[in-house]
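Next come the chains, spelled out residue by residue.
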Amino acid sequence: MSGAESPPDEFGQIARLFRPLTRGAPEALDLLDDAAVIPSRPGFDLVVTKDALVAGVHFQPGEPPGRTAQRLLRANLSDLAAKGAEPYGYFLMTAWPADFGWAQREAFAEGLRADGEAFNLCLLGGDTVSIKGPLTLSMTLLGWTPSGAMVRRAGAQVGDLVMVSGAIGDGWLDWGVAAGQLDRRWLGADHRLPNPRLDLREPLRRLATSAADVSDGLIADAGHIARASKVGLRLDLDRMPISDAAAAWLATQAEPAGARLRLATGGDDYELVLTAPPAAAQALGLPVIGEVVAGEGVEVRFAGARLDPGPGGWRHA
């Protein structure tokens, strides 16, 4: 755009956009080295997770850049939440397309700054490049758990109950509204941001036998637990919690079973699906949607009838 400030070179961008995001963390070495130094923490394990976002695949290309930055950070935080981990810091890769100008890059960095303060996180390092394709972002997030206390997907036991931490389906509604496939009234005036369930990390470590974040879709992510734990899961979609917006959308659908299945497979909810013995489940106080059984895979029911969930959620080819 005429008159718009041109982006500085790579090192100028690091100095102006990213060095402030270190929040002075000594581990980041002012982003002047090609590496960071992570000190040990006696009695704790370092937990590492990584997620990527691509415009047109994970978010709409016209999404505000600051919101995209927050979506990237929070998607990774959701992975740490499922592990019962305390967030520590992150590494960032940005691949800017030519039409992603300086003002947009500043807005992206501002989104990271705001969430870095909100979640007490600092940037530790990374890389920035230019590409001809769509905006592509990747983040590696680090966290800590007490030694041996990380909550895994492998751990569900026959007789455990299956729970979710909150409403399922709004991620799919959000995508449909943003893509113009659904009316905006289903989610109101603004689109949602993931709310990583870091508030549950200590109860998870004490009470849960397994957990996963709901990013690919509730059924698909429950399937990850079943596969890792070598058990079967039975889910009852009648018991799946949904938001008022999802309930209003469901009321307009001619086939309630198919519509509820769509919410359960859409993904991007960033709630947690987890298992725990009945007494521990009662202590957790989260909505119970099923149980762990002998066997394999995920059996899905609605209104007493068994449903075919297909792949159960999002899968990249």
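Residues numbered from 1 in each chain as written. Predicted model: local features only at pLDDT ≥ 70, side-chain atom pairs only at ≥ 80, totals over all residues. Heavy atoms only, no water.

Participant: Could you give an account of the overall build of the protein chain, naming the residues involved and the relevant values?
Facilitator: When helices and strands are counted, the protein chain shows nine helices and eleven strands. In terms of overall size, the protein chain behaves like a compact globule, its C-alpha atoms giving a radius of gyration of 21 Å where 317 residues would be expected to give roughly 20 Å. The dimensions of the protein chain, computed from C-alpha atoms along their principal axes, are 60 × 50 × 30 Å. When burial is assessed residue by residue, the protein chain has 50% of its 317 residues classed as buried. If you take every contact in the protein chain between residues at least 6 apart in sequence, the share linking residues at least 24 apart comes to 85%. (Helix = DSSP H or I, 4+ residues; strand = E, 2+ residues; numbered from the N terminus. Rg over C-alpha atoms; globule rule 2.2 N^0.38 Å. Buried < 20%, exposed > 50% of the residue type's maximum accessible area, 1.4 Å probe, protein only. Contact = heavy atoms within 4.5 Å.)

Participant: Mind laying out the side chain of Asp170, listing which residues take part and the relevant values?
Facilitator: Position of Asp170 among the secondary structure elements: in helix α4 (residues 170-178). A polar atom in the side chain of Asp170 sits 2.7 Å from the side chain of Ser243. (Polar contact = N/O pair within 3.5 Å; in protein donor to acceptor, adjacent residues only side chain to side chain.)

Participant: Explain the sheet that holds strand β8 (residues 272-276) to me, and be specific about the residues and the numbers.
Facilitator: A sheet is described by the order of its strands in space; here seven strands give the open sequence β6-β8-β5-β9-β7-β10-β11, paired in mixed fashion. Bordering the open sheet on either side are β6 (210-213) and β11 (305-307), each of which pairs with just one other strand. Each strand of the sheet is rotated relative to its neighbour by a mean of 25°, with strand direction disregarded. As paired strands, strand β5 (residues 161-164) and β8 are joined by four bridges and run antiparallel to one another. Within β8, the position partnered with Met163 by the bridge is Leu274. (Pairing = 2+ DSSP bridges. Axes fitted to C-alpha atoms, helices over the stretch in contact; angles between N-to-C directions.)

Participant: Help me get a handle on the sheet that holds strand β3 (residues 122-131), residues and values and all.
Facilitator: The sheet built from four strands is open, its strands ordered β1-β4-β2-β3 with mixed pairing. In this open sheet, the two strands that pair with only one neighbour each are β1 (44-54) and β3. Averaged over neighbouring strand pairs, the angle between their axes works out to 15° when direction is ignored. The sheet contact formed by strand β2 (residues 86-97) and β3 spans nine bridges and is parallel. Opposite Ala95, over in β3, you have Val129 as the bridge partner. On top of the sheet, helix α1 (residues 10-18) reaches β2 and β3; it is set at about 140° to β3, its chief contact. Sheet strands touched by helix α3 (residues 102-118): β2 and β4 (136-146). Its angle to β2, the strand with the most contacts, is close to 170°.

Participant: How would you explain the environment of Glu86 if you had to name every residue and give the values?
Facilitator: On the secondary structure map, Glu86 appears in strand β2. Within the local environment of Glu86, its side chain forms a polar contact with the side chain of Arg41, the two groups lying 3.4 Å apart.

Participant: Quick one: what's the story with the environment of Gly116, residue by residue and with numbers?
Facilitator: Locating Gly116 in the fold gives a position in helix α3. Residue Gly116 is classed as buried on the basis of its relative accessible area of 3%. When the C-alpha atoms of Gly116 and Trp102 are compared, they prove to be 21 Å apart, with 14 residues separating the residues in sequence. Every residue in contact with Gly116, bar those within four places of it in the chain, is listed here: Arg23, Leu73 and Leu121.

Participant: An account of the packing of aromatic side chains is needed here, citing residue identities and associated values.
Facilitator: Applying the stated criterion across every chain yields a total of four aromatic pairs. Where Trp96 meets Phe108, the ring centres are 5.5 Å apart and the plane angle is 90°; that geometry is what we call edge-to-face. Linking Trp96 in strand β2 with Phe108 in helix α3, this pair joins segments that are twelve residues apart in sequence. In this structure Phe108 comes out as buried when scored by relative accessible area, which is 0%. For the pair Trp172 and Trp249, a centre-to-centre distance of 5.0 Å together with 65° between the ring planes defines the contact as edge-to-face. One end of the pair, Trp172, is in helix α4; the other, Trp249, is in helix α7 (residues 244-250), and 77 residues separate them in sequence. The exposure class of Trp172 is buried, given its relative accessible area of 15%. Trp249 sits in the buried class, given a relative accessible area of 6%. (Phe/Tyr/Trp six-rings, centres within 6.5 Å; stacked < 30°, edge-to-face > 60°.)

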